[in-house]
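Structural overview for review
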Amino acid sequence: MEKQNLRKAKTTYIVPYENGKFVFLSNLTSKVMIGDTAVKDIVENPNSYLDSNPNVVKYLYENGFIVKNEAIESEILYTNFEKAKNDISLTFVLYLTLNCNFNCVYCFQGEENKNRNITFKKNDSELIVNFIKKKFDASDDEKLTLTLTGGEPLLKFPLIQEIVTKLESQVGKNRLSTRLISNGSLLDEEKCRFFEKHNWVSTQITMDGTEYYHNKMRPYRNGEGSFQDVIKGLDNALKYCKEVILRINVWPQNISGINDLLDYLKKNGYAEKSNLILGFHQIQNFCETIRDKLEGLTCSSSQWGLMSLKFHELARFKGFKNVDLPLSFPRMLHCGANSLKVFHILPDGRIATCWGTSGEMDDFVIGTIYDEKPNKAYLKNLETLKGYNPLNQDKCKKCEVFALCGGGCLAEALSENGDMSKSVCSNVKYDPEKYLTLFVKERLRKSKFSTRQFT
Ligand code: SF4
Ligand code: SF4
């Protein structure tokens with residue numbers, strides 16, 4: 001390494017941690033490390049340590065905490081982002097139906113959705129499997145994930161069986177993982193046994209409060225409460241699935257009941273379940289069909305930024321083993337919508353790159369399972385998505401937490417700013433120091449800290 005030719009990267013973000021230590025985040029590479037004042041000094045004055053500590057200097061350089069004097073960081077970051085588009089796993093999200101046996105108060109696929117009753121046609125399973133197989137064969141990936149969602153996907157369980165069985169026989173048993181996103185009410189043992197045979201890695205079930213709150217927010221279509229059936233489904237999933245995410249949506253109607261829900265879950269032994277992960281989520285108002293209905297009831301990213309940390313702390317305080325962090329781990333790409341490695345297949349046969357489409361966001365549609373070649377409008381969307389890079393905006397180029405946000409959600413930008421390339425900052429931006437230290441604490445707690453620690 002040449003002498004006197006190094007400096008701290010402008011994109012390295014340093015925040016104080018515990019016991020006089022610091023957390024270092026390289027936004028150039030998404031690497032995180034912990035170190036003391038001696039390490040901080042090396043990061044800030046690398047040239048002075050070239051002789052006395054060359055290995056540490058080399059590590060810092062290779063992981064983007066320091067760069068050469070002449071390095072243009074915005075260009076490195078831009079290139080790393082482009083490379084990352086191909087680094088995510090090949091995923092297919094299959095919307096079995098937009099129909100549902102629930103009528104949740106905030107649902108964008110609810111009664112108002114004119115597409116609710118559109119279903120796949122008789123021979124579509126063949127076309128779906130062919131589409132997935134072709135994409136898989138054309139990629140370098142050795143495995144693929146099929147996420148089954150809706151509406152309520154289990155309303156179409158025979159179609160799920162047909163597609164999963166066909167697909168697995170074509171791509172090979174160990175190459176397919178299945179994930180399920182369901183309201184949980186129809187998840188009986190027979191269905192669980194089917195999924196278990198097909199590498200069921202994860203399922204997500206939603207519960208928005210204790211029986212009173214949940215039944216108010218997530219009733220059946222006939223108005224009856226669904227809570228008891230969801231609990232049965234949750235128990236079945238916990239028995240058969242490797243990882244069960246219990247999603248709790250937060251908004252004014254249930255906010256005061258979340259504490260009670262956590263107490264209920266704890267009293268009934270769920271805090272100890274090693275395969276249960278709690279996750280708190282804000283309700284988003286992306287879709288035209290429900291925009292007026294939700295007006296004033298959803299919170300902004302900045303409000304959610306503070307609230308999500310509080311719910312995380314509350315669940316931890318009550319002793320839940322696994323609580324999802326209100327942020328993703330540091331990485332270049334946070335959204336699959338422009339990677340062209342995540343494909344959402346809708347019941348009308350359209351293929352999109354983001355779930356926002358089921359709420360009528362046409363900008364993410366890139367084709368259909370019926371046509372080999374996309375039409376002009378889809379080609380235009382494809383080009384726009386391919387070309388998207390948040391680092392075209394000055395605010396993201398200079399952002400101290402780019403690795404924790406990646407430019408945010410394109411659907412949110414489209415909905416709020418009418419343009420997917422005008423990013424809306426994620427909640428992380430509103431208290432980056434707290435988010436970053438929380439991330440490190442959680443990683444250390446789970447011994448999942450794979451990056452080097454200079455302790
Ligand atoms: S655009 Fe937003 S909603 Fe769509 S895939 Fe990306 S992060 Fe998710
Ligand atoms: S959208 Fe905001 S928080 Fe996200 S990377 Fe850009 S500037 Fe940072």
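Residues numbered from 1 in each chain as written. Chains lettered and ligands numbered in written order. Predicted model: local features only at pLDDT ≥ 70, side-chain atom pairs only at ≥ 80, totals over all residues. Heavy atoms only, no water.

All right, on to the packing of helix 6 (residues 189–196) against helix 8 (residues 227–240) then. Think of two packed helices as two axes; the pair is described by the angle between the axes and how far apart they sit. Here helix 6 crosses helix 8 at 30 degrees, and the two axes come no closer than 10 Å. As judged from the angle between their axes, helix 6 and helix 8 are roughly parallel. As helix 6 runs across helix 8, the sense of the crossing is right-handed. In this structure, helix 6 contributes E189, C192, R193 and E196 to the contact, and helix 8 contributes N236, A237, K239 and Y240. (Axes fitted to C-alpha atoms, helices over the stretch in contact; angles between N-to-C directions. Helix = DSSP H or I, 4+ residues; strand = E, 2+ residues; numbered from the N terminus. Parallel < 35°, antiparallel > 145°, perpendicular 65-115°, else oblique. Left-handed = near helix turned anticlockwise from the far one by under 90°. Contact = heavy atoms within 4.5 Å.)

Read from one edge of the open sheet, nine strands run 11-10-9-8-7-6-12-13-14, paired in mixed fashion. A single partner strand is all that each edge strand has here, and the edge strands are strand 11 (276–282) and strand 14 (365–368). Averaged over all neighbouring strand pairs, the angle between strand axes comes to 20 degrees, with direction disregarded. Pairing analysis gives five bridges linking strand 7 (residues 144–149) to strand 8 (residues 176–182), with the strands arranged parallel. The residue bridging T145 from the neighbouring strand is S177, located in strand 8. Contacting strand 6 (91–95), strand 7, strand 12 (342–345) and strand 13 (350–352), helix 4 (residues 124–138) crosses the sheet at an angle of about 175 degrees to strand 12. Of the strands in this sheet, strand 13 and strand 14 touch helix 12 (residues 376–387), which is tilted by about 135 degrees from strand 14. (Pairing = 2+ DSSP bridges.)

Of note, T91 is situated in strand 6. Taking C-alpha positions, T91 is 29 Å from R291, a pair spaced 200 residues apart along the chain. Excluding anything up to four places from it in sequence, T91 contacts T145, T147, K341, V342 and F343. Engagement of the side chain of T91 in a polar contact is seen with the backbone oxygen of S89, the distance being 3.2 Å. (Polar contact = N/O pair within 3.5 Å; in protein donor to acceptor, adjacent residues only side chain to side chain.)

Moving on, we get to the pairing of strand 7. The buried fraction of strand 7 is high, at six of six residues. Where burial is concerned, the two faces of strand 7 agree: the one with L144, L146 and L148 and the one with T145, T147 and T149 are both buried. One crossover worth recording links strand 7 to the parallel strand 8 by way of helix 5 (residues 157–171), and it is right-handed. (Buried < 20%, exposed > 50% of the residue type's maximum accessible area, 1.4 Å probe, protein only. Right-handed = clockwise from strand over helix to strand, strands pointing away.)

To continue, consider the side chain of H198. Relative to the elements of secondary structure, H198 occurs in the loop between helix 6 and strand 9 (200–206). Of the residues examined, H198 reaches a relative accessible area of 9% and is grouped as buried. What H198 contacts, discounting residues up to four positions off in sequence, is V164, E168, L176 and T178.

If you look at the biggest cluster of nonpolar residues, it comprises 91 residues, and the most contacted ones within it are L146, F195, L278, F280 and F364. There are two domains that each give this core at least three residues, and those are domain 2 (88–298) and domain 3 (336–424). (Core = buried A, V, L, I, M, F, W, Y, C linked by side-chain atoms within 4.5 Å. Domains from an automatic or database assignment.)

Here we take up the sheet that holds strand 4 (residues 32–35). Strands sit in the order 2-3-4 across an open sheet of three strands; the sheet is antiparallel. Where the open sheet ends on each side, the last strands, each with one partner, are strand 2 (12–16) and strand 4. Along the sheet, successive strands turn relative to each other by an average axial angle of 20 degrees, direction set aside. As paired strands, strand 2 and strand 3 (residues 22–26) are joined by five bridges and run antiparallel to one another. Of the residues in strand 3, the one forming a bridge with I14 is F24.

Put simply, G150 and G151 share a cis peptide bond, and its omega is 20 degrees. In this fold, G151 is placed in the loop between strand 7 and helix 5. Positive phi values are uncommon outside glycine, yet S30 reaches one of about 70 degrees. Judged by its relative accessible area of 12%, S30 falls in the buried class. Even without being a glycine, N199 presents a positive backbone phi close to 50 degrees. Summarising the element assignment, N199 is placed in the loop between helix 6 and strand 9.

Looking now at the domain arrangement of the chain. Examined at the domain level, the chain breaks down into domain 1 (6–83 + 432–445), domain 2 (88–298) and domain 3 (336–424). The gap between the C-alpha centroids of domain 1 and domain 3 is 31 Å. Counting residues at the interface gives 13 residues for domain 1, matched by 14 residues for domain 3. A combined buried area of about 1,100 Å² lies between domain 1 and domain 3, and 69% of that area is made up of carbon and sulfur atoms. On the domain 1 side of the contact with domain 3, N27, Y78 and F81 bury the most area, a combined 45% of that side's loss. At the junction of domain 1 with domain 3, the criterion picks out zero salt bridges. At the junction of domain 1 with domain 3, the criterion picks out four residue pairs in polar contact (both at pLDDT 80 or more). Contributing elements (two or more residues each) for the side of domain 1 that touches domain 3: strand 3, helix 3 (73–84) and helix 16 (432–445). The element contributing the most residues to the side of domain 1 that touches domain 3 is helix 3, with five residues. For the side of domain 1 that touches domain 3, the class distribution of residues is seven nonpolar, five polar and one charged. (Buried area = accessible area lost by both parts, 1.4 Å probe. Salt bridge = Lys/Arg side-chain N within 4 Å of Asp/Glu carboxyl O. Nonpolar A, V, L, I, M, F, W, Y, C, P; charged D, E, K, R; others polar.)

Our focus in this paragraph is empty space enclosed by the protein. The full count for this structure, using the stated rule, is two cavities of 30 Å³ or more. The space that makes up the second largest cavity amounts to roughly 30 Å³. Along the walls of the second largest cavity sit F81, L333, H334, C335, N338, Y388, G406, G408 and L410, which together make up its complete lining. Residues belonging to the lining of the second largest cavity are distributed by class as follows: five nonpolar, four polar and no charged. (1 Å grid on protein atoms, 1.4 Å probe; cavity = no way out; pocket = protein on both sides within 12 Å on 5 of 7 lines; lining within 4 Å. Points joined across faces, edges and corners; volume = space filled by probe spheres on them.)

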